[in-house]
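Letter by letter, the chains look like this.
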Amino acid sequence: MWRAAALVASALLQPAAVATKCSVMEHGAKGDGKALDSRAIASAITACDHVVFPAGRQFLTGTITLRSGLTLEVEGTILGAAGHILTPPTNPNLPPSPYEGEGGYQDYGHSHWADALLHGDSVSDVTIMGSGTLDGNGALGTGEPHKKDSGKGCKAFGLVRSTGITIRGVTIKDGGWFSILATDCEHLLISGVTIHAARDAIDIMGCRHVFMEHMHISGGGDDAVKFGSDWSVGKRLDSYNVTVVNSVVGCGCNGLQFGSETLGDFHDYHFGNPATLV
């Protein structure tokens, strides 16, 4: 009895596990912008809670799959690798139309998330931060991959059904159809990002508790910051408690937009000190 009690006491006195931090270079990444670093990056994400992409390096990769409790510190450049972005599965929530096939009653881009440079589905407490760059590098198209841009993805970030997501400080360029697509997410923070959009910069679909600040968005020719609510996750979603402050938004079309997908209700939106580029 005393031995069992001693073991329990000893276990209680052990220090809490410390989150591990490592560089992708320690897991075999070359970082030369030529060799494919997908396996090394995946290995680092499996082994460590805080993964660093060092400055001065270029990491060529296919889709990076995010997991809960992960921090990616991007100080170098993450380059999309053509032909290595995931092809998303058919979305079971979207019946085919007689004219467009799967997802024909709403656009393809909002109906899938895996065809992204960084993809998170049902993850929590994830941070992507740093002064580095996420560059689609021609691997992400601005149209429907199964039509206009065969073999390509169409977004830099594809996030769905997730909570506690932070994107801070990074630059995104050549991000495809959407630099950031977030659907059915909550407690989302986007801070200090610079986006040179290829089409849409940020699409927030059916999300709650979103805070966006100190953004600088340019280029694209479509929506800079768009709020919508669709049927892509198979249910009606309201969108609320969303704040956009101290940001410059411009894309050549809409700076801030609601819709056109407006299945759910929108309330408690707050805008402070936005500036729109024309």
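This is a predicted model, so every value here is computed, not measured.

Undergrad: Could you give an account of the overall build of the protein chain, naming the residues involved and the relevant values?
TA: The number of helices and strands found in the protein chain is 2 helices and 23 strands. Within the protein chain, buried positions represent 52% of all 278 residues. Within the protein chain, counting contacts between residues at least 6 apart in sequence, those at least 24 apart form 59% of the total. Of the roughly 12,100 Å² of accessible surface on the protein chain, a fraction of 54% belongs to carbon and sulfur atoms.

Undergrad: Describe the sheet that holds strand β14 (residues 178-183), naming the residues involved and giving the relevant values.
TA: Pairing in this open sheet of 7 strands is parallel, and the strands run β5-β8-β11-β14-β17-β20-β22 from one edge to the other. Of all strands in the sheet, those bounded by a partner on one side alone are β5 (64-65) and β22 (254-262). Looking at chain direction, β5 and strand β8 (residues 116-121) are connected through 2 bridges and run parallel. Across the sheet, threonine 65 pairs through a bridge with histidine 119, a residue of β8.

Undergrad: I'd like a rundown of the state of the cysteines, residues and numbers included.
TA: Scanning the entire structure with this criterion turns up 1 disulfide. Not part of a disulfide, cysteine 207 finds its nearest cysteine sulfur in cysteine 185, a span of 4.8 Å. A residue is classified by how much of its surface remains accessible, and cysteine 207, at 1% relative accessible area, is buried.

Undergrad: Summarise the pairing of β8; cite the residues concerned and give the values.
TA: Among the 6 residues of β8, 5 are classified as buried, and the element is accordingly described as predominantly covered. One ladder, built from 5 bridges, connects β8 with strand β11 (residues 155-160); its direction is parallel. Of the residues in β11, the one forming a bridge with alanine 116 is lysine 155.

Undergrad: Quick rundown of the side chain of threonine 243? Include the residues and the values.
TA: Following the sequence through the fold, threonine 243 ends up in strand β21 (residues 239-249). In contact with threonine 243, not counting residues within four places along its chain, are Val210, Phe211, Met212 and His270.

Undergrad: How would you summarise the pattern of salt bridges if you had to cite specific residues and measurements?
TA: What the rule picks out here adds up to 12 salt bridges. Residues joined by salt bridges that share partners form a network here, namely Asp184, Glu186, Arg208 and Lys235.

Undergrad: Just give me the short version of unusual backbone geometry, but keep the residues and values in it.
TA: In this model, glycine 259 is joined to serine 260 through a cis peptide bond whose omega is 15 degrees. Here the phi dihedral of histidine 187 falls at roughly 55 degrees; this positive angle occurs in a residue that is not glycine. In the Ramachandran plot, asparagine 246 falls in the positive-phi region, its phi being about 50 degrees despite a non-glycine side chain. Along the chain, the position of asparagine 246 falls in strand β21. The partly exposed category is assigned to asparagine 246, whose relative accessible area is 37%.

Undergrad: Please give an account of the packing of aromatic side chains that cites residues and values.
TA: Centre-to-centre distance and the angle between the planes together describe a pair of aromatic rings. The tally for this structure, following the rule as stated, stands at 10 aromatic pairs. Arranged with centres 5.0 Å apart and planes meeting at 75 degrees, the rings of phenylalanine 227 and tyrosine 269 form a pair that is edge-to-face. On the criterion of sequence distance, the pair formed by phenylalanine 227 in strand β20 (residues 223-229) and tyrosine 269 in strand β23 (residues 266-276) is long-range, its members being 42 residues apart. Note on accessibility: phenylalanine 227 and tyrosine 269 belong to one class, buried. A centroid spacing of 5.5 Å and a plane angle of 90 degrees characterise the contact between phenylalanine 258 and phenylalanine 266, whose relative ring orientation is edge-to-face.

Definitions and limits used
- Residues numbered from 1 in each chain as written.
- Predicted model: local features only at pLDDT ≥ 70, side-chain atom pairs only at ≥ 80, totals over all residues.
- Heavy atoms only, no water.
- Helix = DSSP H or I, 4+ residues; strand = E, 2+ residues; numbered from the N terminus.
- Buried < 20%, exposed > 50% of the residue type's maximum accessible area, 1.4 Å probe, protein only.
- Contact = heavy atoms within 4.5 Å.
- Areas by Shrake-Rupley, 256 points an atom, 1.4 Å probe, with all protein chains shown as cover.
- Pairing = 2+ DSSP bridges.
- Disulfide = S-S within 2.5 Å.
- Salt bridge = Lys/Arg side-chain N within 4 Å of Asp/Glu carboxyl O.
- Phe/Tyr/Trp six-rings, centres within 6.5 Å; stacked < 30°, edge-to-face > 60°.

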